[in-house]
Amino acid sequence: MTHQPLAGVTVADFSHVMAGPFASHILRLMGAKVIKIESPRGDQFRNYGSNRDFDGMSPAFIAANVGKKSIALDLKDEKDHETARRIVAKSDVLLENFRPGVIARLGLGYDAVRQLREDIVFCSVSGYGQDSPQRDWPAIDNIVQATSGMMMLSGAEGDPPVRIGFPIVDTLTGQTAAVAILGALFQRQQTGKGAYIDVSMIDASLSFMTSALTPYLVTGSPLRRLGNTGYSELPTAALFKTKDDRHVSLGVVQDNQFAALARKLRREDWLADERYSTADARRANFDAMHAELEQIFLTRAADEWERELSGEGIPCGKVRGVHEAADLGSADSLLDLDTDALPKGCTATVPNAGFRMEPGQPGTHEAPPRLDADREEILAWLDGND
């Protein structure tokens, strides 16, 4: 890797499971040194899932811990606690996601840590924030999907709540924390002062859902649940079955796109039809427009529709499984990791940070660490022997 933007930044990472580790994961991909401070039992995500062959290095753990250094410390043990303090004193960032109040009871709260390093950037990640009425409520991804209103955005009107099929709250909260930490580090360059950051899963989720929440805040009316129809509520921004029993998602929301679609499908008559000639008319006649499109899309395979419509500047994408979508990534979008910690025949590949940058390309080929694998290296660093 070339010189990366966070080279020289050290993160003391006391977080576990997903939201906190994903924040430090992003920082690591941008070059930060991340010291993962685990309990003697290790991050519980190491053994996550039903396949015991991956214990110690589960796919869920790999997804958010590449290239970090691990040391196992019992923070209630005096000697280990002192080692943790020494790590924090040499770090730029402290990241934690214990229940609110726990890190302070362990003697490593913000006020205590500032005595070790005055300009520390201290980031706490929790379910509902450090001082909210719900601060003591336990929270994991699917819980906050429920309490944030997220589960009532997917599906159609009248459907039961629908969980988004991956831990979106964990990852968006981690990404929010990473952005906040970057902002605090930049601020420190200007002011010389550290910062305390309080990131809650609920606040991060509400921010992430701005396109759904803001219309309610402005109008007083919540959005309708639209199923597989897009935000525009147009029948031309919806899901359609194709000849090969696959599906495509059409995203025609602009008038010029609708005109191009009509010409491509040899249905120029739509442009003069008062039921379809304007976006408002198409919304008012949603079912009729949608039914016509359904019949047309059944005449060809999904690959053909995707290729030909996209080639004409008409937004159209084939619905893929994640096993197919991985092939669409740009160069360097996936990282092959060097590891022998997996069962024979398995390889470790993870997504990169989600962007490309030159100079300063994100990424690493270093695998996640085994529990306590870097103890000697970290102790040597504390003694100035790095």
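Further up the page is the structure itself.
Residues numbered from 1 in each chain as written. Predicted model: local features only at pLDDT ≥ 70, side-chain atom pairs only at ≥ 80, totals over all residues. Heavy atoms only, no water.

*Asks:* Residue-level account of the environment of Leu-106, with values.
*Replies:* Of note, Leu-106 is situated in the loop between helix H4 (102–105) and helix H5 (110–116). For Leu-106, a relative accessible area of 16% gives the class buried. Residues Leu-106 and Gly-127 lie 21 residues apart in sequence; the distance between their C-alpha atoms is 19 Å. Setting aside residues no more than four positions away along its own chain, Leu-106 makes contact with Leu-75, Lys-76, His-81 and Phe-98. (Helix = DSSP H or I, 4+ residues; strand = E, 2+ residues; numbered from the N terminus. Buried < 20%, exposed > 50% of the residue type's maximum accessible area, 1.4 Å probe, protein only. Contact = heavy atoms within 4.5 Å.)

*Asks:* Explain a nonpolar patch on the surface to me, using residue names and the numbers behind them.
*Replies:* On the surface, Tyr-216, Leu-217 and Val-218 cluster together into a nonpolar patch covering about 340 Å² of accessible area. Take Tyr-216: it is sitting in helix H9 (residues 210–219). (Patch = residues over 30% accessible without salt bridge, like charges linked within 9 Å, V, L, I, M, F, W, Y side chains within 5 Å. Areas by Shrake-Rupley, 256 points an atom, 1.4 Å probe, with all protein chains shown as cover. Salt bridge = Lys/Arg side-chain N within 4 Å of Asp/Glu carboxyl O.)

*Asks:* Account for the pairing of strand S8 (residues 247–250), naming residues and giving values.
*Replies:* Residues Val-248 and Leu-250 of S8 are buried on one face, while the alternating residues His-247 and Ser-249, pointing to the opposite face, are not. Strand direction decides the pairing type here: strand S7 (residues 239–241) and S8, joined by 3 bridges, are antiparallel. What sits directly across from Phe-240, in S8, is Val-248. Between the end of S7 and the start of S8, which pair antiparallel, lie 5 residues, with Asp-245 showing a positive phi angle near 65 degrees. Of the strand pairs in this sheet, S8 and strand S9 (residues 316–318) are connected by 3 bridges, and their pairing is antiparallel. Bridge assignment links Leu-250 to a residue of S9, and that residue is Cys-316. (Pairing = 2+ DSSP bridges.)

*Asks:* Explain the pattern of salt bridges to me, using residue names and the numbers behind them.
*Replies:* Counted under the stated rule, the structure contains 29 salt bridges. One salt bridge connects Asp-383 with Arg-86, and the closest N-O pair in it is separated by 2.8 Å. You can see Asp-383 sitting in the segment after helix H16 (375–382) and its partner Arg-86 sitting in helix H3 (residues 78–89), a full 297 residues away along the chain. We note a salt bridge from Arg-188 to Asp-92, for which the minimum N-O separation is 2.8 Å. Taken as a pair, Arg-188 in helix H7 (residues 168–191) and Asp-92 in the loop between H3 and strand S4 (93–96) lie far apart in primary sequence, 96 residues in all. Of the two residues, Arg-188 and Asp-92, both sit in the buried class. Several salt bridges share partner residues, and in doing so they unite Arg-267, Asp-269, Asp-273, Arg-275 and Glu-292 into one network.

*Asks:* Give me the lowdown on the side chain of Thr-236, citing residues and values where you can.
*Replies:* Among the structural elements, Thr-236 can be located in the loop between H9 and S7. Among the polar contacts made by the side chain of Thr-236, one reaches the main-chain carbonyl oxygen of Val-252 at a distance of 2.6 Å. Discounting residues that sit within four places of it in the chain, Thr-236 has contacts with Leu-250, Gly-251, Val-252, Phe-258, Leu-261, Met-289 and Leu-293. (Polar contact = N/O pair within 3.5 Å; in protein donor to acceptor, adjacent residues only side chain to side chain.)

*Asks:* Before we move on, could you go through the packing of aromatic side chains and cite the residues and values that matter?
*Replies:* To describe a pair of aromatic rings, you give the distance between the ring centres and the angle between the ring planes. All chains considered together, the criterion is met by 9 aromatic pairs. Feature note: the residues Tyr-110, Phe-122 and Tyr-196 constitute an aromatic cluster, connected by ring pairs. Note that Lys-90 overlies the ring of Trp-381, its terminal NZ or CZ placed 4.6 Å from the centroid. Lying over the aromatic face of Phe-258, Arg-282 brings its terminal NZ or CZ to 3.8 Å of the ring centre. (Phe/Tyr/Trp six-rings, centres within 6.5 Å; stacked < 30°, edge-to-face > 60°. Lys NZ or Arg CZ within 6 Å of the ring centre and 35° of its normal.)

*Asks:* Residue-level account of the packing of H7 against helix H8 (residues 201–208), with values.
*Replies:* As a packed pair, H7 and H8 sit with axes 9 Å apart at the nearest point and diverge in direction by 90 degrees. Between H7 and H8, the angle is such that the two are roughly perpendicular. Two secondary-structure elements touch here, H7 through Ile-168, Val-169, Asp-170, Leu-172, Thr-173 and Thr-176 and H8 through Met-201, Ala-204, Ser-205 and Phe-208. Across the contact of H7 with H8, the residue classes tally to 6 nonpolar, 3 polar and 1 charged. (Axes fitted to C-alpha atoms, helices over the stretch in contact; angles between N-to-C directions. Parallel < 35°, antiparallel > 145°, perpendicular 65-115°, else oblique. Nonpolar A, V, L, I, M, F, W, Y, C, P; charged D, E, K, R; others polar.)

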